[in-house]
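Descriptive analysis of the structure
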Amino acid sequence: MSSENSDNGSEGINELATPSLNIKPKKETYDASTIAVLEGRDAVRKRPAMYIGSTGELGLHHLVYEVVDNSIDEALAGYCDAVEVAIHLDNSITVVDNGRGIPVDLMKKERRSAAEVVMTKLHAVNFLSEGLHLEIWRDGKTFEQEYERGIRVAELKQTGKTRKRGTKITFKPDSQIFDTLEFSFDKLSERLREKAFLNKGIRITIKDEREEPEKSHEFYYRGGIAEFVKHLNKNKNVLHDKPIYFEKVGDALSIEVAIQYNDGYDEKVYSFANNINTVDGGTHLSGFRSAFTRTINAYAQSSGLAKNFKTSLTGDDVREGLVAVISVKLPQPQFEGQTKGKLNSDVKGAVESFLNERLTRRLPGTRSRAVGNLHRRGRFRRRLGQTGPRSEEPGNTSAKRQDP
């Protein structure tokens with residue numbers, strides 16, 4: 001097994017009854033009353049690309065991401081710290097977590113269990129699979145149910161007792177819907193690694209039973225996006241060993257920022273909202289860029305670093321060689337377009353204020369290893385009129401293709 005983690009030891013999910021980390025769960029109920037109903041089977045099967053992007057490889061892998069995202073939601077609520085993904089010989093997929101388990105109590109309005117409502121009115125995965133098996137471990141009991149193309153085969157039934165808790169979903173994509181049924185272990189691994197970076201402290205494993213010997217990865221990053229930035233800067237000459245990391249946790253908005261410079265000329269800034277890779281940026285990225293440029297400019301002036309600059313530093317100047325990740329989490333985010341590539345929620349001011357305050361406090365202690373090095377290279381050097389030869393040409397500074 002390939003392992004990428006900042007802590008030793010692992011434990012199989014099937015042996016876990018409760019999360020092992022010292023997580024403080026949010027005080028909230030999780031029962032039938034918390035399930036919001038959305039209509040959908042026929043609409044999803046008729047126009048699947050509207051819900052999962054395409055009926056090709058992109059949409060196929062989206063099914064896995066949708067199930068994993070439900071497990072990540074449990075982790076964000078403080079009730080889950082382990083997720084396992086398995087690709088089986090027949091290209092079916094199993095996702096297991098050690099969260100609370102989908103609620104099984106009756107929804108009076110729907111006259112069905114909450115679990116069935118989740119699987120038949122919220123889950124595109126179920127609608128687009130030729131078969132799906134649901135297993136829930138909750139309140140000391142095991143519940144199971146089968147579906148065929150989104151239609152239940154039988155009622156949700158209690159099938160035993162257990163000391164575990166969590167949810168296990170096994171599904172096989174429908175050949176009537178998809179152009180391809182072959183999952184990519186590497187593509188899934190890449191996305192799961194990203195999820196582990198964005199949600200520090202959660203352990204995500206993946207195995208591929210189609211290979212002999214079986215391939216597997218484990219992703220666990222206690223440092224979160226700070227380790228993400230180090231991963232992105234792997235095999236590059238960094239200007240400061242440890243990434244600069246800031247975090248703010250709140251009910252209305254949580255913000256994480258990690259920054260590290262290398263000696264290259266490219267800018268790579270990746271933005272995320274509620275774990276969604278916002279490839280077209282949005283208000284959170286605008287706030288980051290504005291605060292970053294203004295704060296470093298202010299520091300360069302107050303510290304005397306810019307005394308010989310011909311003009312003020314631009315955003316391109318201060319972001320040359322920058323690798324950064326900004327991740328925000330907020331309730332009911334507003335995105336632009338079906339693909340959620342751009343965040344439209346009004347968070348620019350909050351991100352800008354947060355980063356300005358934290359960066360202002362941090363920069364004086366960073367000068368010798370990061371900021372102090374910048375004026376000797378690239379655009380900083382040209383601002384000082386030192387236009388010596390460059391070892392490489394600037395690359396495309398656009399991070400629109402956010403595929404770290």
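Keep in mind the model is a prediction, meaning the values are calculated, not measured.

**Quick word on the overall build of the protein**
- Assigned secondary structure in the protein consists of 12 helices and 19 strands.
- By the burial criterion, 51% of the 404 residues in the protein qualify as buried.
- For the protein, restricting intrachain contacts to residue pairs at least 6 apart in sequence, the fraction spanning at least 24 positions comes to 72%.
- For the protein, the computed accessible surface area is about 19,300 Å², with 45% contributed by carbon and sulfur atoms.

**Remarks on the sheet that holds strand 17 (residues 322-329)**
- Read from one edge to the other, the open sheet built from 5 strands follows the order 13-14-17-15-16, with strand pairing classed as mixed. A single partner strand is all that each edge strand has here, and the edge strands are strand 13 (244-248) and strand 16 (276-277).
- Of the strand pairs in this sheet, strand 15 (residues 268-273) and strand 16 are connected by 2 bridges, and their pairing is antiparallel. From the neighbouring strand, Ala273 faces strand 16, where its bridge partner is Ile276.

**Details of the packing of aromatic side chains**
- Across all of its chains, the model carries 5 aromatic pairs by this definition.
- Between Phe288 and Phe292, the ring centres sit 5.5 Å apart and the planes meet at 15°, which makes this aromatic pair stacked. Placement of both Phe288 and Phe292 in helix 8 (residues 283-303) is noted, with a separation of 4 residues, approximately one turn of the helix.
- Following the ring pairs from residue to residue traces out a cluster consisting of Phe197, Tyr221, Phe228 and Phe272.
- A cation over a ring is seen here: Arg191 above Tyr65, with NZ or CZ 4.1 Å from the ring centre.

**Let's talk about helix 10 (residues 348-362)**
- Along its 15 residues, helix 10 runs 21 Å from first to last C-alpha, staying within 8% of the 21 Å computed at 1.5 Å per residue.
- Among all positions in helix 10, only Val351, Glu352, Phe354, Leu355 and Leu359 are buried.
- Where the residues of helix 10 are buried, they touch strand 13, strand 14 (254-261), helix 8 and strand 17.

**Here we look at the pattern of salt bridges**
- All chains considered together, the criterion is met by 23 salt bridges.
- Between Glu247 and Lys200 there is a salt bridge, with the nearest N and O atoms lying 2.9 Å from each other. Of this pair, Glu247 sits in strand 13 while Lys200 sits in the loop between helix 6 (185-198) and strand 11 (203-208), and the two are 47 residues apart along the sequence.
- Across the salt bridge formed by Glu357 and Arg358, the nearest N and O atoms sit 3.6 Å from each other.
- Of the residues examined, Glu357 reaches a relative accessible area of 38% and is grouped as partly exposed.
- Residue Arg358 is classed as partly exposed on the basis of its relative accessible area of 23%.
- If you follow the salt bridges from partner to partner, you end up with Glu110, Arg112, Glu116, Arg152 and Glu155 in one network.

**Quick look at the packing of helix 3 (residues 57-76) against helix 6**
- Helix 6 packs onto helix 3 with a crossing angle of 30° between their chain directions and a minimal axis gap of 11 Å. Considered as vectors, helix 3 and helix 6 are oriented roughly parallel to each other. Judged by the twist between their axes, the crossing of helix 3 over helix 6 is right-handed. On helix 6, the residues touching Glu57, His61, Val64, Tyr65, Val68, Asp69 and Ile72 of helix 3 are Lys187, Leu188, Arg191, Leu192 and Lys195.

**Section: the packing of helix 6 against helix 7 (residues 225-232)**
- Contact pair helix 6 / helix 7: the axes reach a minimum separation of 7 Å and the direction vectors enclose 135°. Looking at the two axes, helix 6 sits oblique to helix 7. Seen from helix 6, the contacting residues are Arg193, Glu194, Phe197 and Leu198; seen from helix 7, they are Ile225, Glu227, Phe228 and His231.

**Brief notes about the confidence of the model for the protein**
- For the protein, per-residue confidence averages 84 on the pLDDT scale, and 81% of positions sit at 70 or higher.
- The low-confidence segment residues 8-23, where pLDDT is below 50, has 38 contacts with residues more than four positions distant or belonging to other chains.
- Scored below 50 in pLDDT, residues 380-401 makes 46 contacts in the model with residues more than four places away or belonging to other chains.

Scoring rules and cut-offs
Residues numbered from 1 in each chain as written. Predicted model: local features only at pLDDT ≥ 70, side-chain atom pairs only at ≥ 80, totals over all residues. Heavy atoms only, no water. Helix = DSSP H or I, 4+ residues; strand = E, 2+ residues; numbered from the N terminus. Buried < 20%, exposed > 50% of the residue type's maximum accessible area, 1.4 Å probe, protein only. Contact = heavy atoms within 4.5 Å. Areas by Shrake-Rupley, 256 points an atom, 1.4 Å probe, with all protein chains shown as cover. Pairing = 2+ DSSP bridges. Phe/Tyr/Trp six-rings, centres within 6.5 Å; stacked < 30°, edge-to-face > 60°. Lys NZ or Arg CZ within 6 Å of the ring centre and 35° of its normal. Expected span 1.5 Å × (residues − 1). Salt bridge = Lys/Arg side-chain N within 4 Å of Asp/Glu carboxyl O. Axes fitted to C-alpha atoms, helices over the stretch in contact; angles between N-to-C directions. Parallel < 35°, antiparallel > 145°, perpendicular 65-115°, else oblique. Left-handed = near helix turned anticlockwise from the far one by under 90°. pLDDT = per-residue confidence, 0-100.

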